[in-house]
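Coordinate analysis (summary)
One letter stands for each residue in the lines below.
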Amino acid sequence: MRKVNIIKYLKRNNIDWTLLIVPIIIIIVLFLYLKSINNNHSILQNQIYNPDSLYNYLHTLDTSYWNATGKDVERISDIIKTASLNNDSNLLLFSYFNKGRIYRKQQQFDSAFSAYENALEIAEEIQDEILIANIKLAQGNYYTELDDYYSALQCFTKARQTYEKFDSSQLSKVYNGLGIVYVALGDFKEAISYYKKALAIYKMQKNERSIAGIHLNLAECYIKIKDFEEALVLLKYSENLFKKLNDSIHLSNCYSYFGLMYNAQNQLDSALKYHQLSLDIAQKKGNLRLTGAAMQNIGLLYEKMGEGETAKKYYKQALNMFCETKLKRGQASSLIALSELYRDEGDWETAYNYYIEYIEKRDSIMNAEMQNKIIAYQWKINEQKRRLKMNRLAQELTSKKRQTNILILVVTFVLIIAFFISFLMHRSVKLHEMKNTLLFQQIEAKQKSAELEELKYKNEIESKNKELTALSLQLVTQNDVFENLRLKSDKLFKEKSIDENAYHVIKLLIEDTYEIENKWNQFKTLFEKVHVDFFSKLKARCPSLTENEIRLCAYIKINLQAKEIARLLNISPATIFTNRHHIRKKIGLDKGKSLEDYLRQI
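Every chain is numbered on its own, with residues counted from 1 as its sequence reads. This being a predicted model, a pLDDT of at least 70 is required before a residue's local features are given, and a value of 80 or more before pairs of side-chain atoms are given or counted; all residues contribute to the totals for chains, interfaces and linings. Excluded from the side-chain calculation are hydrogens and water; included are all heavy atoms of the structure.

Quick word on the overall build of the chain
Keep this limit in mind: Each helix is a run of H or I in the DSSP string that is no shorter than four residues. Each strand is a run of E no shorter than two, and both are numbered from the N terminus. Two residues form a contact once any of their heavy atoms are found within 4.5 Å. Here the Shrake-Rupley method, with its probe set to 1.4 Å, supplies the accessible areas, and only the displayed protein chains count as covering residues.
Summing up its helical and strand segments, the chain has 26 helices and zero strands in all. At a minimum sequence separation of 6, the contacts of the chain that also span at least 24 residues come to 56%. Element-wise, carbon and sulfur atoms account for 55% of the exposed surface of the chain, whose accessible area totals about 36,200 Å².

Take a look at the structure:
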């Protein structure tokens, strides 16, 4: 058979051989596509016929999900397809749950949320309370990383209620989550208490990774309360364990806390060394959250050392990281740091722009934090109520036992009296003693009832004071919004960006909405419910006080800052100090006495 030289044949017939490239490429792509479909089909077939191996794979991944890669995500996606084809709800739920945990560790928060919701929907359908609690726990950790502590606390509470009934060994994870929430709320004493509860369980389970993590969390608390000696011991313990476990992500976090501790002690070279170690590991692992935190910390150090340009570079990089991971608290810290740097350099325009962005982030965080503190306080009250209920039940049980004993005594005495009349006087004495005992118990019960009423009243007063503060801060925010709107409309009118009619319409809308007097009346009504007759008593003590001075006294009584009061009354902070001086003069306060203490006594 004669061999054919294709290239010579093409040249001889004047055919452009490059025209054959496109169809050849198309044929190759189609071949590879059909091959991939065949591979996927074979994978699904293998998964269908080997469910035990899939469960074993997921169980293995469940204990080391922090080391998972993109291939593991693809593998889980294939398992989800297999589980769907075979209507295996348990396999499907387990797959979504592990997928959510992997996405959370990779900072793909939207994908993590979707996977958790899918898992939760299946768990609720099959009504498995333990599985629901596991997912709620995972969602609590997810919300914690996004600084949504209100949602995190709800999830942790739900998981805790279930674990207390069915599986107390899982409470360690809930206690750890609650500790993180209370650190964010600034209650380090409560956080340490929860961390120690978790540590006790982890030690019983001999879980080295979790023990190291709890030591790291405790170290953060001790750094915050400036107990550096205890913090150093905890950090070294964590560092050794994480090195032993080859856990580089947590080791990065550990080095970050070393840096914060040395920074707090003004040992800047040591602090920079550890923050750089943390940054190197975080960048190598592609962890955006830890990378942003490390860059922010390094920026703070360079600013402290007077190297402003280097600090700005790190702040901007940190801001980009925090924006990618949607961490509002981190964004706010980077924005205010940049604003202050540019302000110190005299670049007021750039400083102002960063400050405006910071205010927007801070306000959204402030609202969330206020909700978090309120729910945390309510959660504490509910916990106290639960304990009081348990104590009351115990007291009722004791009381019933006493009543039974008394009844036995009475019956015994009656029988004795029936047979022995000589003991009649003795029985009278005993009955008298019993009456005294019952009377004492009634008096004691009334005292306890009065104490509970007093506690309830104090809680109500604290709650109302929080409402007053929240209302005042809301008024401050609204005043700022209306003032900014007025300034922007004036600017647009001067620049002739809007016509005169539109300008007057905007002004009228602002004036109609900006009802300071009505807002003051709303505040005053709520204030008088909490602090009854305050205004009448104050006026009686000092009739010469003006209406604005009385308003200022009310705001001082609920501990508002001078800047916040100035924004409420639409005056400068300097005017506030002048008005305070006039009030002190009218009241007749000595120099050594506090105006705040005087107003609290009314």
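Next, the rest of the story.
A look at the packing of aromatic side chains
The condition that has to hold: Under the pairing criterion, centres of Phe, Tyr and Trp rings, with the six-membered ring standing for Trp, must be within 6.5 Å; the plane angle then separates stacked pairs below 30 degrees from edge-to-face pairs above 60, leaving the rest tilted. Burial status follows relative accessibility: with a 1.4 Å probe on protein chains alone, a residue under 20% of its type maximum counts as buried, one over 50% as exposed, and anything between as partly exposed.
Enumeration according to the criterion identifies 17 aromatic pairs in this entry. Pairing Phe 523 with Phe 527 gives two aromatic rings, centres 5.7 Å apart and planes at 35 degrees, and the pair type is tilted. With a gap of four residues between them, Phe 523 and Phe 527 both fall in helix H21 (residues 516–530), about one helical turn apart. With relative accessibility at 0%, the residue Phe 523 sits in the buried group.

Considerations on the packing of helix H14 (residues 268–285) against helix H15 (residues 288–304)
This is how it is decided: Interaxial angle, 0 to 180 degrees, is taken between N-to-C directions of lines fitted to C-alpha atoms, where a helix line uses only the stretch in contact. Reported orientations rely on four angle classes, namely roughly parallel under 35 degrees, roughly antiparallel over 145, roughly perpendicular from 65 to 115, and oblique for the rest. Helix crossings fall into two classes, left-handed where the near helix is turned counterclockwise from the far one by less than a right angle and right-handed where it is turned clockwise. Side-chain classes are defined by residue name, with Ala, Val, Leu, Ile, Met, Phe, Trp, Tyr, Cys and Pro counting as nonpolar, Asp, Glu, Lys and Arg as charged, and the others, Gly among them, as polar.
In the contact formed by H14 and H15, the axes pass within 9 Å of each other and the chain directions differ by 155 degrees. Between H14 and H15, the angle falls in the class roughly antiparallel. H14 and H15 meet at a crossing whose hand is left-handed. Of the residues in H15, those in contact with Leu 268, Ala 271, Leu 272, His 275, Gln 276, Ser 278, Leu 279, Ala 282 and Gln 283 of H14 are Leu 290, Thr 291, Ala 294, Met 295, Asn 297, Ile 298, Leu 301, Tyr 302 and Lys 304. Of the residues assigned to the contact of H14 with H15, the class counts are eleven nonpolar, six polar and one charged.

A look at the environment of Ala 566
The residue Ala 566 is located in helix H24 (residues 562–569) in this model. C-alpha separation for the pair Ala 566 and Ile 576, spaced ten residues apart in sequence, amounts to 6.5 Å. Beyond its immediate stretch of four places on either side in the chain, Ala 566 contacts Ile 571, Ser 572, Pro 573 and Ile 576.

What to know about the nonpolar core
Note the threshold: Within this scheme, the nonpolar core is defined by two criteria: the residues are buried Ala, Val, Leu, Ile, Met, Phe, Trp, Tyr or Cys, and they are joined through side-chain atoms within 4.5 Å.
Core analysis: the biggest nonpolar cluster contains 106 residues, and Leu 218, Leu 235, Phe 258 and Met 261 have the highest contact counts within it. Apart from residues no more than four positions distant in its own chain, Phe 258 is found in contact with Leu 232, Leu 235, Lys 236, Glu 239 and Tyr 274. Counting residues in each nonpolar core, the second largest holds 33 residues, with Trp 520, Ile 556, Leu 568 and Leu 595 among its members.

Some details on unusual backbone geometry
Despite not being glycine, Gln 127 has its phi angle at roughly 55 degrees, a positive value. Among the structural elements, Gln 127 can be located in the loop between helix H6 (109–126) and helix H7 (129–145). The class of Gln 127 is exposed, set by a relative accessible area of 67%. Phi angles above zero are rare outside glycine, and Asn 266 is one such case at about 65 degrees. With respect to the secondary-structure elements, Asn 266 resides in the loop between helix H13 (248–264) and H14. By relative accessible area, which is 52% here, Asn 266 ends up exposed.

What about the pattern of salt bridges?
Formally: One side-chain nitrogen of Lys or Arg within 4 Å of one carboxyl oxygen of Asp or Glu is enough to make a salt bridge.
Counted under the stated rule, the structure contains eleven salt bridges. Residues Arg 160 and Glu 164 are paired through a salt bridge, measuring 3.1 Å at the closest nitrogen-oxygen approach. Here Arg 160 and its partner Glu 164 are both found in helix H8 (residues 149–166), four residues apart, which amounts to about one turn of the helix. Here Lys 243 ties to Glu 239 by a salt bridge, and the two come within 3.2 Å at their closest N and O atoms. With Lys 243 and Glu 239 both in helix H12 (residues 228–245), this residue pair falls four residues apart, about one helical turn. On the basis of relative accessible area, Glu 239 is assigned to the buried category, the value being 13%. Each of Glu 309, Lys 312 and Glu 345 takes part in a single network of salt bridges with overlapping partners.

Section: the environment of Ser 278
Position of Ser 278 among the secondary structure elements: in helix H14. C-alpha of Ser 278 to C-alpha of His 250: the two residues are 28 residues apart in sequence and 9.5 Å apart in space. Dropping the residues within four chain positions of it, Ser 278 is found in contact with Ser 252, Tyr 255, Ser 256 and Ala 294.

Some thoughts on H15
The following threshold applies: Working rule for helices: expected span equals 1.5 Å times residues minus one. Pairs of N or O atoms are called polar contacts if they sit within 3.5 Å, as long as, within protein, a hydrogen donor faces a hydrogen acceptor (for residues adjacent in sequence, only side-chain-to-side-chain pairs).
Along its 17 residues, H15 runs 24 Å from first to last C-alpha, staying within 8% of the 24 Å computed at 1.5 Å per residue. Turning to H15, its buried residues number three or more, namely Leu 290, Thr 291, Gly 292, Ala 294, Met 295, Gln 296, Asn 297, Ile 298, Gly 299, Leu 301 and Tyr 302. Against the buried residues of H15 lie H13, H14, helix H16 (308–325) and helix H17 (328–344). Capping the start of H15 is the job of one residue whose side-chain oxygen sits 3.3 Å from the backbone nitrogen of Arg 289: Asn 287. Phi for Gly 306, located one or two positions after H15, is positive at around 85 degrees.

Comments concerning the side chain of Arg 584
Filter applied, for reference: Only four residue types enter the charge count, namely Lys and Arg as positive and Asp and Glu as negative; His and the chain termini do not.
Here Arg 584 is to be found in helix H25 (residues 573–587). One buried charged residue, Arg 584, forms no salt bridge at all, with the nearest opposite charge on Glu 596 at 6.2 Å. Within polar-contact distance, the side chain of Arg 584 engages the backbone oxygen of Asp 590 at 2.6 Å. A polar contact of 2.9 Å, which involves the side chain of Arg 584, links it to the backbone oxygen of Lys 593. Contact partners of Arg 584, with chain neighbours within four places excluded, come to Leu 589, Asp 590, Lys 591, Lys 593, Ser 594 and Leu 595.

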